[in-house]
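One-letter residues, chain by chain:
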Amino acid sequence: MNRSRLSLIAAGAMVALWLGPISSARDLSYYLPPDVDYDPAIPIPSSVLGFQVGEWHVRHDQLASYMQRLAESSDRILIEEIGRTHEQRPLLHLTISSPENLSRLETIRRAHLELTDPTSDAVDTSQMPVVVNLGYSVHGNEASGSNASLLAAYYLAAVLGDDIEKLLSESIIILDPSLNPDGLSRFAQWANMHRGQVLVADPDHREHREGWPNGRTNHYWFDLNRDWLLAQHPESKARLAQFHRWRPNILIDAHEMGSDSTYFFQPGVPSRKNPLTPERNVALTADIARYHASALDEIGSLYYTEETFDDFYYGKGSTYPDIHGAVGILFEQASARGHLHETPQGDRSFAFAIRNQLLTTFSTLRAAIDKRLELLEFQQNFYRSAMQSAAKDEIAGYVIGDAGDPARFRHLQELLLRHQIAGHPLKETLVLNGTRYEPSRAFVVPTRQAQYLLIRSLFEKRVDFADSTFYDVSTWNLPLAFNLPYAELSARNARPELFGPELTEVQPSVASHPATAPGAALAFEWDGYYAPRALHRFLAAGVKARVATKSFRSGSEEGGKTFAIGTILVPIGIQEQTSDELLQLAATVAEQDEIQVHAIDTGLTSGGADLGSPSHKPLSQPKIALMVGGEIGAYAAGEVWHLLDHRHRMPVTLLEQERLSNLNISNYTHLILVDGRYRKLPNGLGEKIYRWVRRGGVLIALQRATRWVDHQVVDGESSATHSDAANNKLEDEHAAHVRLPYDQYETRRAAQLISGAIFEVALDTSHPLAYGYRNPKLPVFRNHETFLSPEDDPYVTVAAYSPEPLLSGYISSENLNRLRGTSAITAKREGKGTIVRMADSPTFRAYWYGTEKLLMNAIFFGNIIQDTDRPPRSRDVED
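Residues numbered from 1 in each chain as written. Predicted model: local features only at pLDDT ≥ 70, side-chain atom pairs only at ≥ 80, totals over all residues. Heavy atoms only, no water.

Helix and strand content of the protein chain: 25 helices and 34 strands. A compact globule built from 879 residues should have a C-alpha radius of gyration of about 29 Å, and the protein chain, at 29 Å, falls within 12% of that. If you line up the protein chain on its principal axes, its C-alpha atoms span 105 × 65 × 65 Å. When contacts within the protein chain are restricted to residue pairs at least 6 apart in sequence, long-range pairs at least 24 apart make up 80% of them. Surface exposure of the protein chain reaches about 34700 Å², of which carbon and sulfur atoms provide 48%. When the 86 positive and 108 negative side-chain charges of the protein chain are each reduced to one mean point, those points stand 3 Å apart. (Helix = DSSP H or I, 4+ residues; strand = E, 2+ residues; numbered from the N terminus. Rg over C-alpha atoms; globule rule 2.2 N^0.38 Å. Contact = heavy atoms within 4.5 Å. Areas by Shrake-Rupley, 256 points an atom, 1.4 Å probe, with all protein chains shown as cover. Lys, Arg positive; Asp, Glu negative; His and termini not counted. Charge placed at Lys NZ, Arg CZ, Asp CG, Glu CD.)

If you check helix α25 (residues 849-861), its first and last C-alpha atoms are 19 Å apart, about what 13 residues at 1.5 Å a residue would give, namely 18 Å. Of all 13 residues making up α25, 13 are buried, and the element is well covered by its neighbours. (Expected span 1.5 Å × (residues − 1). Buried < 20%, exposed > 50% of the residue type's maximum accessible area, 1.4 Å probe, protein only.)

With that settled, the discussion passes to the nonpolar core. Considering soluble globular proteins, one finds that nonpolar side chains tend to be buried as a cluster. I672, I689, L699 and I859 are the most contacted members of the largest nonpolar core, which totals 222 residues. Sort the elements by how many residues they give to this core and helix α7 (residues 144-158) lands first, with 10 residues. Those residues within four positions of I689 in sequence are excluded, and the remaining contacts are L660, I665, L671, L699, W708 and V713. L426, Y437, A442 and L498 belong to the second largest nonpolar core, which has 13 residues in total. (Core = buried A, V, L, I, M, F, W, Y, C linked by side-chain atoms within 4.5 Å.)

As a further point, take helix α20 (residues 685-694). Three or more residues of α20 are buried, namely L685, G686, K688, I689, W692 and V693. Down the axis of α20, the sector holding all buried residues measures 160°, keeping them to one side. If you follow the buried residues of α20, they end up packed against β26 (670-673), β27 (698-702), α21 (705-713), β33 (823-830) and β34 (833-838). Following α20 by one or two positions, G696 has its phi on the positive side, about 130°. (Arc of directions from axis to C-beta.)

Here we take up the packing of helix α4 (residues 60-73) against α7. As a packed pair, α4 and α7 sit with axes 11 Å apart at the nearest point and diverge in direction by 5°. It follows from the interaxial angle that α4 and α7 lie roughly parallel. Across the interface between the two elements, L63, Y66, M67 and L70 from α4 touch S146, S149, L150, A153, Y154 and A157 from α7. Of the residues in the contact of α4 with α7, the class split is eight nonpolar, two polar and no charged. (Axes fitted to C-alpha atoms, helices over the stretch in contact; angles between N-to-C directions. Parallel < 35°, antiparallel > 145°, perpendicular 65-115°, else oblique. Nonpolar A, V, L, I, M, F, W, Y, C, P; charged D, E, K, R; others polar.)

Moving on, we come to the sheet that holds strand β2 (residues 90-96). The strand order β1-β2-β4-β3-β5-β7-β6 describes an open sheet built from seven strands, whose pairing is mixed. At either margin of the open sheet sits one strand with a lone partner, and together these are β1 (77-84) and β6 (263-265). Averaged over all neighbouring strand pairs, the angle between strand axes comes to 20°, with direction disregarded. (Pairing = 2+ DSSP bridges.)

So, on to the packing of aromatic side chains. In total, this model carries 43 aromatic pairs according to the counting rule given. Relative to F861, the ring of W526 lies with its centre 5.0 Å away and its plane at 55°, an arrangement referred to as tilted. Here F861 lies in helix α25 and W526 lies in the loop between β16 (521-524) and α17 (531-540), a separation of 335 residues in the sequence. No difference in accessibility class separates W526 from F861, as the two residues are buried. A centroid spacing of 5.0 Å and a plane angle of 15° characterise the contact between F552 and F563, whose relative ring orientation is stacked. Taken together, the positions of F552 in strand β18 (residues 552-554) and F563 in strand β19 (residues 561-563) put the pair 11 residues apart, joining distant regions of the chain. (Phe/Tyr/Trp six-rings, centres within 6.5 Å; stacked < 30°, edge-to-face > 60°.)

This part takes up the layout of surface pockets. Taken as a whole, the second largest pocket spans an internal volume of roughly 1200 Å³. Along the walls of the second largest pocket sit 46 residues, with A403, N483, L484, P485 and N775 positioned nearest its centre. Partitioning the lining of the second largest pocket into residue classes produces 20 nonpolar, 10 polar and 16 charged. (1 Å grid on protein atoms, 1.4 Å probe; cavity = no way out; pocket = protein on both sides within 12 Å on 5 of 7 lines; lining within 4 Å. Points joined across faces, edges and corners; volume = space filled by probe spheres on them.)

The probe, sized like a water molecule, is rolled over the atoms to show the empty space still left. Throughout the structure, instances matching the rule amount to seven cavities of 30 Å³ or more. Reported here for the largest cavity is a volume of approximately 90 Å³. As for the largest cavity, its lining consists of 13 residues, of which V780, A824, I825, D840 and L854 are closest to the centre. If you list the elements that add at least two residues to the lining of the largest cavity, you get β30 (777-782), β33 and α25. In terms of residue class, the lining of the largest cavity is built from 10 nonpolar, two polar and one charged. In this structure, the second largest cavity occupies an estimated 70 Å³ of space. Looking at the second largest cavity, the residues that line it are H93, N133, G135, D176, L179, W228, R239, Q242, F243, L251, I252 and D253. When contributions to the lining of the second largest cavity are tallied by element, the ones reaching two or more residues are β3 (130-136), α10 (234-246) and β5 (250-257). For the lining of the second largest cavity, the per-class residue count stands at five nonpolar, four polar and three charged.

Moving on: the packing of α20 against α21. Where α20 meets α21, the closest approach of the two axes is 8 Å, and the angle between their N-to-C directions is 90°. With respect to each other, α20 and α21 are oriented roughly perpendicular. On the side of α20, the interface is formed by L685, G686, E687, I689 and Y690, while α21 contributes W708, Q712 and V713. Residues of the contact of α20 with α21, tallied by class, amount to five nonpolar, two polar and one charged.

Let us now look at the sheet that holds β18. Sheet strands line up and pair through hydrogen bonds in the backbone, either parallel or antiparallel. Ordered in space as β19-β18-β22, the three strands form an open sheet in which the pairing is antiparallel. The strands lining the two open edges of the sheet, one partner per strand, are β19 and β22 (607-608). Of the strand pairs in this sheet, β18 and β19 are connected by three bridges, and their pairing is antiparallel. When the bridges of β19 are listed, R553 appears paired with T562.

Burial analysis of strand β4 (residues 171-176) places six of its six residues in the buried class, which makes it a mostly covered element. On β4, burial covers both faces: S171, I173 and L175 on one face and I172, I174 and D176 on the other are all buried. As paired strands, β2 and β4 are joined by three bridges and run antiparallel to one another. Across the sheet, the residue bridging to L94 is L175, located in β4. As paired strands, β3 and β4 are joined by six bridges and run parallel to one another. Bridging from a neighbouring strand, V130 pairs with S171 of β4.

So, on to the pattern of salt bridges. On inspection of all chains with the given rule, the structure shows 43 salt bridges. The shortest N-O distance in the salt bridge between R209 and D204 comes to 3.0 Å. Residue D204 is classed as exposed on the basis of its relative accessible area of 59%. Note that R226 and D472 form a salt bridge whose closest N and O atoms lie 2.6 Å from each other. Of the two residues, R226 is situated in the loop between α9 (181-193) and α10 and D472 in the loop between α15 (452-459) and α16 (478-482); the sequence distance between them amounts to 246 residues. R226 gets classed as buried once you look at its relative accessible area, which sits at 8%. Judged by relative accessible area, which is 8%, D472 ranks as buried. (Salt bridge = Lys/Arg side-chain N within 4 Å of Asp/Glu carboxyl O.)

Any link to function would need more than the numbers given here.
Structure follows, in structure tokens:
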């Protein structure tokens, strides 16, 4: 496109302006800088899309098609597919630079990575390009970012002149047009299907009231902007690999916020910076902010900084770079929630939102060029300084044990490798703090490496904070999340001879299994992470299985094995399957689930219960329903769905909240109610569910769902929950006639929130819901203010918070006092069924591997729990 063509389009725009809200079409002159020339050989977005940018919401397939066309048409762009989403949409990265730079891209990349190697000699940065990563719309329904990426890519491919030549020769630009293709496509469908020829700005218009679960999340309803550190999803894994291939100097993360706001860019709230982030990062962020302010001032857009958003949690796109010697920048544009939206500042168009995102993309690139040498120097100094700090640190490393679970152990190692953290197998036995760490079952993470600061972030226990307000979680200790034993290594303990060769990849272990059919039974213990998947394989194949509620010993006193409670037994003689079919299932379990399967040749044990004992309870294949929709928390529902479907390959029926009262729930053995609001459920549904439980159903309620269960399913007075500690505190102060300054309200209220902290519970390891746990001390994650009251029946509390429960993170002293000793998990028999209450999510963000088995136990063993509230009676046994 040349300048005259742009002028003609601008003239046509006057007609669109005169038509008003009948059309939201804006041509390129609305978005792009004036008085520059464009290469006519480069296709403009509308030539591929069939509409102007901002006129309709772009679908991901349209976005990908245009990016492919650009790459085919321009020698400034290389495009690659770096992965696929859960729904198999391609994850695309565009590398944009001068043709000369692209021709020697690998040389530039390797030279750039030397900046992050603290052991390398001083790197000459005088001619080195700065690396900028442009990331858009990690929340799919914050779509102005991805739509702006169309214009950013076109501009970088097509604009002509000295300025662009300088920009491209001095930078490598990595453009990620859609960080969340599945969510973007879901939202585009919603917004477009409700768009009329006449645009409606009314906030109550259905276009602006997106249906559950909305397009914010990925396929399994996870917030991908919390997954940078946790890396549990294919989008994040692919993105992390690319991040570490380049280690950019600047990364932008384009978001949207509430429609009534304006535009935010960092710096965030100064007091809520992570203390591991260097001050130089803050200063550079503030310097770059002036470029954004200038760009938005030029068009009169309102904006703000240093409020609302913080930089504490390193698991977000705008903060993960901060712990890697880079500058992460969050952009938050007030959303149009569709195509046109009423706001206090007047009607906001989608095109306006796109333009702001585009302008701050351009201002970022201008700042990157002007501050190229400063950014490169900062990155090099960051890693050198980190290495110097590591050398002075009394903690020289961490040793982590496998807790008898090779799968959980492997997943932690994989996560560390994704973050380029070096680990080594332990070569000698260590005993630290009473825990024994053995070779082949432990590994060591030395702190004296380039990722020292990130390692500190992942392993530290922090309970002291400069601020009591958190935009997200206050802690994310990985060994606690995986419930794996770990210990700090002093310089004296971290001897080089302890370390095996550095791990470069981790392979799943292949457990052993019988080669020939045993005489009595197959057996596997419940410690392994994938033991529930293994059990499901057997039950789904129609195999009859039992669970041992008492330990027993098989074989001779000298050469036998003691099996713990929770062991799964597959008696050979009662099966309809052939021995070969059972052995094949055992082989699959050993190879794919990392579960060792044992052969037991006689039903007569050498200790404990014999194989025919009534203490070994028969198990049945669960048919699970998960309540979704309405006011149910999509994150919480997605976590459970992901665990069952993706991890354990178990079918789960997603039941709409609104339809539950009309459905025959007797078709299901289990009903799971996750965190959410249950205000709009129809009258009588609680009674219906209670009758279902009495007939044998297992009801599992998590977090705030326990309130509704207590008040609507069972007698609320006998099993009440109390919650909203912050409100209780404010009510107490009001009752005492305490006067407080008005401007302290938000701060004091935020201080009473439990945004995300780690606590210790005392677990009853004899209880079926605790099978597979050998240690009665269990770390759990809590991010809410719902508390379970103690039960009258002393046997129903599976887990209770310890007297000093805080392990890491922030909690107010008032909430800590309320939490001490309260129930964390209860399981109570009701008729032939069971009601399980869990105060906290056992599946938090899919990385809290250590507590996920609690939910699986409730599913597989919830119906074997005895009624401990019945009065004693004589045994129905005759001599």
